[in-house]
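The lines below spell out each chain.
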Amino acid sequence: MSHRNLIVLALFLLIQTPCYCWGFFGHRRINGMAVFLLPPAMLALFKPSIGFLTDHAVDPDMRRYAVAEEGARHYIDIDRYGRFPFDSLPRGWTDAVARYTEDTLRQHGILPWWVMVMKARLTAAFREGDGPRILKLSAEIGHYIADAHVPLHACSNHNGQLTDQRGIHAFWESRVPELLADSHWDFLIGRAVYLKAPSALIWQRVLESAAAADTVLSVEKELSRRFSPDRRFAFEERNGKIVRQYSEAYTIAYDARLGGMVERRMRQAIQAVASFWYTAWVDAGQPDLGGLAGRPFSDADQKAFEALDAAWRKGVVLGRGED
Ligand SMILES: [Zn+2]
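Conventions used here
Residues numbered from 1 in each chain as written. Predicted model: local features only at pLDDT ≥ 70, side-chain atom pairs only at ≥ 80, totals over all residues. Helix = DSSP H or I, 4+ residues; strand = E, 2+ residues; numbered from the N terminus. Buried ≥ 20, exposed ≤ 12 C-beta atoms within 10 Å, placed from the backbone. Pairing = 2+ DSSP bridges.

## Notes on unusual backbone geometry
Phase 1: With omega at 0°, the peptide bond leading from Phe 84 into Pro 85 counts as cis.
Phase 2: If you trace the backbone, Pro 85 turns up in the loop between helix H5 (59-63) and helix H6 (93-100).
Phase 3: At Phe 86, a position not held by glycine, the phi torsion is positive, near 55°.
Phase 4: Tracing the backbone through its elements, the reader meets Phe 86 in the loop between H5 and H6.
Phase 5: Here the phi dihedral of Thr 101 falls at roughly 75°; this positive angle occurs in a residue that is not glycine.
Phase 6: Locating Thr 101 in the fold gives a position in the loop between H6 and helix H7 (102-108).
Phase 7: On the basis of neighbour counts, which here come to 11 C-beta atoms within 10 Å, the residue Thr 101 falls in the exposed class.

Structure (structure tokens):
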């Protein structure tokens, strides 16, 4: 195959490779690390289930290939609502619908409200002592909370599509952590804390993300002027395929210029996920979780897991993709 054809093929594969919020890697790490912040009474269920919690950390992204309304749960283009701190947008769903209509809210993403829906469901599952449901909802709320920590999930220019920076979404949330998290970052984090106002925390994280989005974009723009395209990108083999991705040197330079932002957001995500799990359990009256580990998933659950996987393999996002 000629060099030129190889490049065309690689570009095609780059476009075809599905993008994930935080990537498979980031979401798996965040859910997995969060387990170790829990008190012993919760570890009785969560520690033996760590494989499930990490494996299913990306189910919500896979569902974007099967369910059209899923996409809006992963982001909020909060800059559509004026200027920071976006006071014109009511933080309560009912008031927000009254002001902007449900259609508009869904169009710009419903992430912080969806986290609260998941929190209510998880609390109910704890109350009912439903082990499989607790684990499913814990894995999934972990995903949405982690997404709230990604600056480009709170910004309408979410993949740099407005500033000629396509690909920056996965660059920040997948490429940087995949290259650096295990070898260079510190995930010794304190404990889960009880959240008196979980909604306030998720909104705070969304606002922090929104405030950081400009830096995420402008730092890359500036750096790209110092790296010629052939130094910015590299061809690497992944899972038997040759893919074009940001080069190691460029990734390291970008991370350094962000001053530890990606690591900091990942740490905050881990802390927030553990705290939401813990808060749901406390709000349910701290039920005994001993004996819930290893309960089998229902046939319906198993079929749903398989259907998600099949839809994802087809590779067609319903609704909005990364750009
Ligand atoms: Zn997501």
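## Some thoughts on the pairing of strand E1 (residues 233-238)
Here is the key point about a regular strand: its side chains alternate between the two faces of the sheet.
Phase 1: Two elements, E1 and strand E2 (residues 241-246), share 6 bridges in a ladder whose sense is antiparallel. Residue pairing in the sheet places Ala 234 in a bridge with Gln 245 of E2.
Phase 2: Count of turn residues in the E1/E2 antiparallel hairpin: 2 residues, of which Asn 239 carries a positive phi of about 50°.

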